[in-house]
Each structure stands twice: as structure tokens, then as C-alpha cells.
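# Coordinates in review
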Amino acid sequence: MNLIRRSFLLVLVVCLGCVAQSAPSELSQKIERQVRSYYKIPPDVKLLIGAPSPNPDFPGYETVIVTVDNGGKRQDLTFVVSKDHSSMMRLTKFDLTKDPFAETMSKIDTNGRPTRGAKASKVVVVNFDDFECPFCARMHQTLFPEILKEYGDRVTFIYKDYPLVEIHPWAMHAAVDANCLAAQNGDAYWDFADYIHANQHDVSNEKTPAARLEALDKLTMLQGQKHNVDVAKLQSCIRAQDESAVKASMKQAESVGVEATPTLFISGAKMDGAQTVADMRSALDRALKDANLPVPDHAAAPAAK
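These numbers were taken from a predicted model, which means no experiment stands behind them.

Turning our eyes to something else, we now look at the overall build of the protein chain. Along the backbone of the protein chain there are 11 helices and 10 strands. Its C-alpha radius of gyration of 28 Å places the protein chain more than 25% over the 19 Å reference for a compact globule of 305 residues. Counting only residues that meet the buried cut, the protein chain has 42% of its 305 residues in that class. Within the protein chain, residue pairs in contact and separated by at least 24 positions form 63% of the contacts whose partners lie at least 6 positions apart.

Moving on, we come to the sheet that holds strand β10 (residues 269-272). Read across the open sheet, the 5 strands follow the order β6-β8-β7-β9-β10; overall the sheet is mixed. In this open sheet, the two strands that pair with only one neighbour each are β6 (115-117) and β10. Taking the axes of each pair of neighbouring strands and ignoring which way they run, one obtains an average angle of 25 degrees across the sheet. Two elements, strand β7 (residues 124-129) and strand β9 (residues 263-266), share 4 bridges in a ladder whose sense is antiparallel. Paired with V125 across the strands is I266, a residue of β9. Each of β6, β7, β8 (156-161) and β9 touches helix α4 (residues 134-151); the most contacted strand, β8, lies at about 160 degrees to it. On the sheet, helix α11 (residues 277-290) packs against β7, β9 and β10 and is oriented at approximately 30 degrees with respect to β9.

Note that H197 resides in helix α6 (residues 186-198). With a relative accessible area of 4%, H197 lands in the buried category. What H197 contacts, discounting residues up to four positions off in sequence, is D129, D130, F131, C136, A137, H140, Q141 and Y159.

If you look at the biggest cluster of nonpolar residues, it comprises 57 residues, and the most contacted ones within it are F131, L143, I266, M280 and L284. With 8 residues, the top contributor of residues to this core is helix α5 (residues 171-182). Setting aside chain neighbours within four positions, we find F131 in contact with D161, W170, A174, A175, A178, Y189, F192, A193, I196, H197 and Q200. Grouped together as the second largest cluster of nonpolar side chains are 12 residues, I31, V35, V45 and V66 included.

Our next topic: the packing of helix α8 (residues 209-226) against helix α9 (residues 231-240). Put simply, α8 and α9 touch, their axes get as near as 10 Å, and they point 155 degrees apart. With respect to their mutual orientation, α8 and α9 come out roughly antiparallel. α9 is crossed by α8, and the crossing has right-handed handedness. Residues D217, T220, M221, G224 and Q225 of α8 lie in contact with α9, whose contacting residues are V231, L234, Q235 and I238. Of the residues contributing to the contact of α8 with α9, the split by class is 4 nonpolar, 4 polar and 1 charged.

A few words on the state of the cysteines. What the rule picks out here adds up to 1 disulfide. Each sulfur in the disulfide pair C180 and C237 lies 2.1 Å from the other. Classification of the bridge connecting C180 and C237 rests on its S-S torsion, roughly -80 degrees, and on that basis the disulfide is left-handed. Linking C180 in helix α5 with C237 in helix α9, this pair joins segments that are 57 residues apart in sequence. Exposure remark for C180: the relative accessible area of 2% places this residue in the buried category.

Moving on to the pattern of salt bridges. The final tally for this structure, using the stated rule, is 11 salt bridges. Residue D191 pairs with K226 through a salt bridge whose shortest N-O separation is 3.2 Å. Linking D191 in helix α6 with K226 in helix α8, this pair joins segments that are 35 residues apart in sequence. You can call K226 exposed: its relative accessible area is 54%. Across the pair E214 and K218 runs a salt bridge whose closest N-O atoms are separated by 3.6 Å. Note that E214 and K218 are positioned in helix α8 at a spacing of 4 residues, about one turn of the helix. On the basis of relative accessibility, which here comes to 46%, the residue E214 falls in the partly exposed class.

Thresholds applied
Residues numbered from 1 in each chain as written. Predicted model: local features only at pLDDT ≥ 70, side-chain atom pairs only at ≥ 80, totals over all residues. Heavy atoms only, no water. Helix = DSSP H or I, 4+ residues; strand = E, 2+ residues; numbered from the N terminus. Rg over C-alpha atoms; globule rule 2.2 N^0.38 Å. Buried < 20%, exposed > 50% of the residue type's maximum accessible area, 1.4 Å probe, protein only. Contact = heavy atoms within 4.5 Å. Pairing = 2+ DSSP bridges. Axes fitted to C-alpha atoms, helices over the stretch in contact; angles between N-to-C directions. Core = buried A, V, L, I, M, F, W, Y, C linked by side-chain atoms within 4.5 Å. Parallel < 35°, antiparallel > 145°, perpendicular 65-115°, else oblique. Left-handed = near helix turned anticlockwise from the far one by under 90°. Nonpolar A, V, L, I, M, F, W, Y, C, P; charged D, E, K, R; others polar. Disulfide = S-S within 2.5 Å. Salt bridge = Lys/Arg side-chain N within 4 Å of Asp/Glu carboxyl O.

This is the structure in C-alpha cells:
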């Protein structure tokens, strides 16, 4: 009997210990209420409050990491809490030894991509493009010829692929066809891009999905013949429809925060959506000044519509 009583007491102590460990502390409760209120986090999203740890940068404060768990998607938020538990702050620490724009550009592979403008400028514009996107068509018309006229002698322009395949059914095929041209002739690629962005309706107005893809292939072949590429090689590339390079470009885009098209990076500085001529001038002028390159004389340029 004594053995049974001892076993029961031992189980009771263990269970009480478990309850004590799982109960949130007063500090954890305060932190959770503040975080939920400030960031408007709904009740069904879990918050995991970490234990305070020493903070070497701020004497008198401790570090607390709050993990936001939304159905398995986790994000860590780092806070500093005063040791008397009377205040809490969220600070962002910047490493001034690194250039964030340069780090962004290092993640974007432009090797082998056709270029327009200056061949090897310090200022590079990378545009993640979708051939079926109407906003991309608007951006393309702003860049070429308007911006190219003013900046073509001092800025390098490069396109990368980011077809929104969920809503643009022929965009992937167009990107593959364009890359088939790019593999042989950069000018053929740009002529194809110019035509498609100016005449998206020529493809979209075809009655069936198959007819749209066939129209793209015909346009691709016409550009290839115009620029005297190897026709047999081009035909083989079109038939193969190898999407690997386009998908690699899409993965790179997502790694630098691209979610829609068009998205531009001007020497690493991100610009979302179709930009006006004035906005592009402002961004390019700033990039040129940062690179110690001359800025165009806009007084001589025609007024932008």
C-alpha cells in the first residue's frame, strides 16, 4: 500500500510540474497581448514567446524572440525587454559594412542575357517581365524608347523572366520562345519583346490556347529569319519548350522579393509596378550620382506625357 501511495504522489508531482511548466509567465502574457494588439494578429494564429536571454548590445535589456506560427508558416520577431519588465522595443540592426543593394544584385544572374543601352555600365536596370502582362507592356513602352533615348549611353537594361503562369496561360511559352531567340541573337530577342508587348492582343485574340501558342511560334520564327539565325536550331529549341531557364529565373526573382510584374531593380533598388517616366528619371539619376556617373540634361528632353 505504501508503494502505491508513493507511486501516486510521484505521478501527481510530475503532473503538477508539467502544468507549472506549460503555464505562461506574467511577462509572456504581457508580451503576447502587446504583440497581438500592435500587429493585429488574429486569435487563431499562435504566438510562441521565447525565454529572455542576455543582450550584449543594450545593458539593462534582455532579448526575447516571439515566433508567429500561422499554420506552420513561422516568422521570428526579435524584441528587447527591460530587465524590470516595464518596457519593450523592437529594433532593427543594420550592418553598415554591407551594401544591401549590391547583395540583391549578386543574387540575380544576368550572365548571357541580352542587353540594351550601355554594354557594361555601373548602373544596371533588371526588369522581371511577363510577356502577357498589360502592366509590363506599359512599362516596356516607357523604357523603350523613352528612357532608352536619354539613358542608353550610360545605363545597361536587362530583362529576366517572371511569367505569372496562374493568370497568364501563354506567358511561359512566350518566355521560352524569346529565350530561344536570345540564345542566338540578342537583337532578335529585343525585337520579339518589342512586338509582343505592343501587340499582346494579336496572340490573345486567337480562338484557342493551341492557336495562341502557334501564333507565338510563328512570330518567333519570323524574328529568327529576320536576323538570319540558324533556323533549324531555332525550330528545335521551340519544339523542345525547355522551361528550366525560365523557372530558374522565377526562383531568383522570388529570392529577392518579386511577387508581381513588372518589378525592376535599379542597381539593386527595388521598384514595383509600371513606373512613370518621371519616376524612372528620378531613380536612374540617383543611381548615376551614386556611381559617380553624369546625369542626362533633362532640359533638352521632350516633356513626358
